[in-house]
Amino acid sequence: MSLTTLLGTDLPILQAPMAGVQGSALAVAVSNAGGLGALPCAMLGPDALRQELAAIRAQTDRPFNVNFFCHTPPAPDAAREAAWRATLAPAYAEFGIDPATIPAGPGRRPFDAETAELLAAFAPPVVSFHFGLPSPELLARVRGWGAKVLSSATTVEEARWLEAHGVDAVIAQGLEAGGHRGHFLSDDLTRQMGTFALLPQVVAAVRVPVIAAGGIADAAGVASAMALGAAGVQVGTAYLLCPEATTSAVHRAALQSDAARHTALTNLFTGRPARGIVNRFMRSFGPMNEAAVPRFPLATSAVAPLRARAEALGMDDFSPLWAGQHADGCREMPAAQRTRQLAHGLA
């Protein structure tokens, strides 16, 4: 079965769910253009999630994807949190922030029974996961309304695991991809591969359709992925300058500057490796700092006030400027037009 038949789309183009830089508007635009739009849900509370799903249902009758994280929340570690805030003390002092006033908070919630119950009323046709899969019971609930299930693999072993646990398609996420790495079987980043090394190995290892992700930002990249056996592609960074995205002003400026050519994996913002444009925070404290940074997603709260103060001054010093290694593929154009450009030349 082709990916378009499986998902019910016209095009084998999936918009990557990008928490913090988009909402329902981008998902609707891509779906209405024939691709599979996606709504990132990991940072949405129940009310916000309900509102966004209602907005999608009101504006399109095409398939769409809702995406969730499947991490195991870590136990709070007061000593580590205090040490991290002490490390950030010079930055707090620079911006006049009292670290004692910063509330702790997880910032991300994993997929759970309450969320599954809420989703059932909207019956989204595609549900995707990052960092593995939820429990068999929760997965059965998702399948109960007929949803197709996708998840990200960053190694051949993860792809095989996902197939064995019942996904309908595997997203092969290469090292070039912007945002959070989807790894879940191993934290060893030396096991990670680039998209065009990973993709053919995953295609050979599983029977389900494979979707290529990472560093694909134009029609030539799409065609190359398809030539290596991909059933479709997932694209994120190329949509960040679209008017339907909620990408911040400082993030948009960075994407259009020479800085966008230098990205790195960093755990500073959330506690888990994610690719973004290198900025002052990453140069000063990382980009990877396994010893000091609290576990995902507990690192988020300590950085939030620094980001807010800097952005208010028009600075991106403490902002997570998520982007893949092909950021020059970003274009200021409507998402529907961008989707059609990506699919140009496909049979």
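What counts as what
Residues numbered from 1 in each chain as written. Predicted model: local features only at pLDDT ≥ 70, side-chain atom pairs only at ≥ 80, totals over all residues. Heavy atoms only, no water. Salt bridge = Lys/Arg side-chain N within 4 Å of Asp/Glu carboxyl O. Helix = DSSP H or I, 4+ residues; strand = E, 2+ residues; numbered from the N terminus. Buried < 20%, exposed > 50% of the residue type's maximum accessible area, 1.4 Å probe, protein only. Core = buried A, V, L, I, M, F, W, Y, C linked by side-chain atoms within 4.5 Å. Contact = heavy atoms within 4.5 Å. Axes fitted to C-alpha atoms, helices over the stretch in contact; angles between N-to-C directions. Parallel < 35°, antiparallel > 145°, perpendicular 65-115°, else oblique. Left-handed = near helix turned anticlockwise from the far one by under 90°. Nonpolar A, V, L, I, M, F, W, Y, C, P; charged D, E, K, R; others polar. Expected span 1.5 Å × (residues − 1). Arc of directions from axis to C-beta.

Draft legend 1. Structural view of the pattern of salt bridges. Going through the model one piece at a time under the given rule, you end up with 13 salt bridges. Glu81 is the partner of Arg85 in a salt bridge, and the nearest nitrogen-oxygen pair spans 2.8 Å. Taken as a pair, Arg85 and Glu81 lie in helix 4 (residues 78-87) at a separation of four residues, close to a single helical turn. Each member of the pair, Arg85 together with Glu81, is buried. In this structure, Glu311 engages Arg307 in a salt bridge whose closest nitrogen and oxygen atoms are separated by 3.0 Å.

Draft legend 2. Up close: the nonpolar core. In this structure, Leu53, Val66, Phe68, Phe129, Val202 and Tyr239 are the most contacted members of the largest nonpolar core, which totals 69 residues. Counting residues per element, this core draws most heavily on helix 2 (residues 24-32), at five residues. Apart from residues no more than four positions distant in its own chain, Val66 is found in contact with Leu39, Cys41, Leu53, Leu119, Pro124, Val126, Val127 and Ser128. Membership of the second largest hydrophobic core comes to 24 residues, among which are Ile97, Val293, Val303 and Phe318.

Draft legend 3. Main features of the packing of helix 2 against helix 3 (residues 46-59). Remark: helix 2 packs on helix 3, axes separated minimally by 9 Å, with the N-to-C direction vectors making an angle of 30°. Taken as axis vectors, helix 2 and helix 3 run roughly parallel relative to one another. Crossing of helix 2 against helix 3: the hand is right-handed. Contacts between helix 2 and helix 3 involve Ser24, Ala27, Val28 and Asn32 from the first element and Glu52, Ala55, Ile56 and Gln59 from the second. Residue classes in the contact of helix 2 with helix 3 are distributed as four nonpolar, three polar and one charged.

Draft legend 4. The arrangement of helix 3 in detail. Look at helix 3: 20 Å from first C-alpha to last across 14 residues, which is about the 20 Å you get at 1.5 Å a residue. All of the buried residues along helix 3 are Leu49, Glu52, Leu53 and Ile56. Each buried residue of helix 3 sits inside an arc of 100° when the element is viewed along its axis, so together they form one side. In helix 3, the exposed positions angled more than 90 degrees off the buried face are occupied by Asp47, Gln51 and Ala58. Buried-residue contacts for helix 3 involve helix 2, strand 2 (37-40), strand 3 (64-69) and helix 6 (113-120).

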